[in-house]
Amino acid sequence: MAFLLSPGNCADISAAPALLDKMSAPRRLLADKGYDANSLRARLKASKTEAVIPSTKSRKRPIPHDAAAYVARNMIERAFCRLKDWRRIATRYDKLAVNFASAVAIAAIILWWA
């Protein structure tokens, strides 16, 4: 597991390659439509990772995905909601990214442990 802080004004998909570099190749990647890009799909295919990403409406031919596996993405969204229960994380009081990343790591450990 890994996480990466990115600026709030950039798309999540722009940070996806750097995040994938920080970890070993996963067996399956669950992501929303914002990650539907040919470049990311090619990278996942090269590392033998199954892309569970629904296609955007702009695709002429939608790429099929495992809908049963995509349901598990709900756990990811709930984890982010639980992290945002911590006021320090939801409002980001910290000026330094390293302090904020430390707070996220501590909160994640406590939530995982509980």
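Values in this document were obtained by computation on a predicted structure and should not be read as measured data.

Within the protein chain, the regular secondary structure consists of 6 helices and 2 strands. Secondary structure of the protein chain in N-to-C order comes out as α-β-α-β-α-α-α-α. A principal-axis box enclosing the C-alpha atoms of the protein chain has dimensions of 45 × 30 × 25 Å. In the protein chain, buried positions account for 23% of the 114 residues.

Turning our eyes to something else, we now look at the nonpolar core. The tendency in soluble globular proteins is for nonpolar side chains to be buried as a group. Of all hydrophobic cores here, the largest spans 8 residues; its members are Ala16, Leu20, Leu29, Ala31, Leu40, Leu44, Ala51 and Ile53. Mapped by element, the contributors of at least two residues to this core are helix H1 (16-21) and helix H2 (38-46). Those residues in contact with Leu29, other than ones at most four positions away along the chain, are Leu40, Leu44, Thr49, Glu50, Ala51, Val52 and Ile53. Among the nonpolar cores identified, the runner-up in size contains 5 residues, and Leu83, Phe100, Val104 and Ala107 belong to it.

What follows is about a nonpolar patch on the surface. Taken together, Trp86, Ile106 and Ile110 make up a surface patch of nonpolar side chains, about 270 Å² in accessible area. Tracing the chain through its elements places Ile106 in helix H6 (residues 97-113).

The subject of this paragraph is unusual backbone geometry. Even without being glycine, Lys48 reaches a positive phi, approximately 60°. With respect to the element layout, Lys48 can be found in the loop between H2 and strand E2 (50-52). Accessibility expressed as a relative area gives 75% for Lys48, which makes it exposed. Phi angles above zero are rare outside glycine, and Arg92 is one such case at about 50°. Following the sequence through the fold, Arg92 ends up in the loop between helix H5 (87-91) and H6. By relative accessible area, Arg92 is classed as partly exposed at 36%.

Following the criterion strictly, the structure yields 7 salt bridges and no others. Linking Arg28 and Glu50 is a salt bridge whose minimum nitrogen-to-oxygen distance equals 3.1 Å. Here the residue Arg28 occupies a position in strand E1 (residues 28-30), and Glu50 occupies one in strand E2, the gap between them amounting to 22 residues. For Glu77, the salt bridge identified is with Arg73, shortest N-O distance 2.7 Å. A residue pair is termed a helical-turn pair when its members lie 3 or 4 positions apart in one helix, as Glu77 and Arg73 do in helix H4 (residues 73-83) at 4 residues.

This next bit is on the environment of Arg87. Mapped onto the secondary structure, Arg87 falls in helix H5. Looking at Arg87, the relative accessible area reads 61%, which means it is exposed. With residues up to four places along the chain from it excluded, the contact list for Arg87 reads Arg92 and Tyr93.

Conventions and cut-offs
- Residues numbered from 1 in each chain as written.
- Predicted model: local features only at pLDDT ≥ 70, side-chain atom pairs only at ≥ 80, totals over all residues.
- Heavy atoms only, no water.
- Helix = DSSP H or I, 4+ residues; strand = E, 2+ residues; numbered from the N terminus.
- Buried < 20%, exposed > 50% of the residue type's maximum accessible area, 1.4 Å probe, protein only.
- Core = buried A, V, L, I, M, F, W, Y, C linked by side-chain atoms within 4.5 Å.
- Contact = heavy atoms within 4.5 Å.
- Patch = residues over 30% accessible without salt bridge, like charges linked within 9 Å, V, L, I, M, F, W, Y side chains within 5 Å.
- Areas by Shrake-Rupley, 256 points an atom, 1.4 Å probe, with all protein chains shown as cover.
- Salt bridge = Lys/Arg side-chain N within 4 Å of Asp/Glu carboxyl O.

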